[in-house]
Amino acid sequence: ILPDVPSWLRSLRLHKYAVTFEGCTWKDMVKMSDADLEAKGVVAMGARNKLLKVFEMVKAECVQKGIPF
């Protein structure tokens, strides 16, 4: 699901941000900080927190499986 960013966001119930991340890959996204997300237009703290938590989970999974990000 990660290669399809709009579907990934939909699965997180954050599909309203699909346009915000248009042109971004999941690898670009998981490197974003809270400030990066806010600058990108994700102003709701709950949405930023949810994304940051998911980003950490994705990065941990990548490290565990040896997938570069």
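To keep things clear, this report deals only with the structure shown in the data block. Keep in mind that this is a model prediction, so the values were computed, not measured. Starting afresh in each chain, residues are numbered from 1 along the sequence in its written order. pLDDT decides what is reported in this predicted model: residues at 70 or higher carry local features, side-chain atom pairs at 80 or more are listed and counted, and totals for whole chains, interfaces and linings draw on all residues regardless. Only heavy atoms go into the side-chain values, all of them from the structure, while hydrogens and water stay out.

Looking at the overall build of the chain
Working step 1: Here a strand is any run of E in DSSP of at least two residues, a helix any run of H or I of at least four, and the numbering for each starts at the N terminus. Within the chain, the secondary structure is distributed over four helices and zero strands.
Working step 2: Secondary structure elements in the chain, listed N-terminal to C-terminal, are α-α-α-α.
Working step 3: Its C-alpha radius of gyration of 11 Å places the chain within 12% of the 11 Å reference for a compact globule of 69 residues.
Working step 4: The 69 residues of the chain split such that 32% are buried.
Working step 5: Only heavy atoms enter the contact rule, under which two residues are in contact if any of them lie within 4.5 Å. Contacts in the chain between residues at least 24 apart in sequence constitute 43% of all its contacts with a sequence separation of at least 6.
Working step 6: Using the Shrake-Rupley algorithm and a 1.4 Å probe, accessible areas are obtained, with residue cover drawn only from the displayed protein chains. Total accessible area on the chain stands at roughly 4400 Å², and carbon and sulfur atoms take up 58% of it.
Working step 7: Side-chain charges in the chain split into 11 positive and 8 negative, and the spacing between the mean points of these groups amounts to 5 Å. The globule rule is 2.2 Å times the number of residues to the power 0.38, and the radius of gyration it is compared with is taken over C-alpha atoms. Think of it in three bands: with a 1.4 Å probe and only protein chains considered, a residue is buried below 20% of the maximum accessible area for its type, exposed above 50%, and partly exposed in between. Asp and Glu are treated as the negative residues and Lys and Arg as the positive ones, with His and the ends of the chain left uncounted. By convention, the point assigned to a charge is CZ for Arg, NZ for Lys, CD for Glu and CG for Asp.

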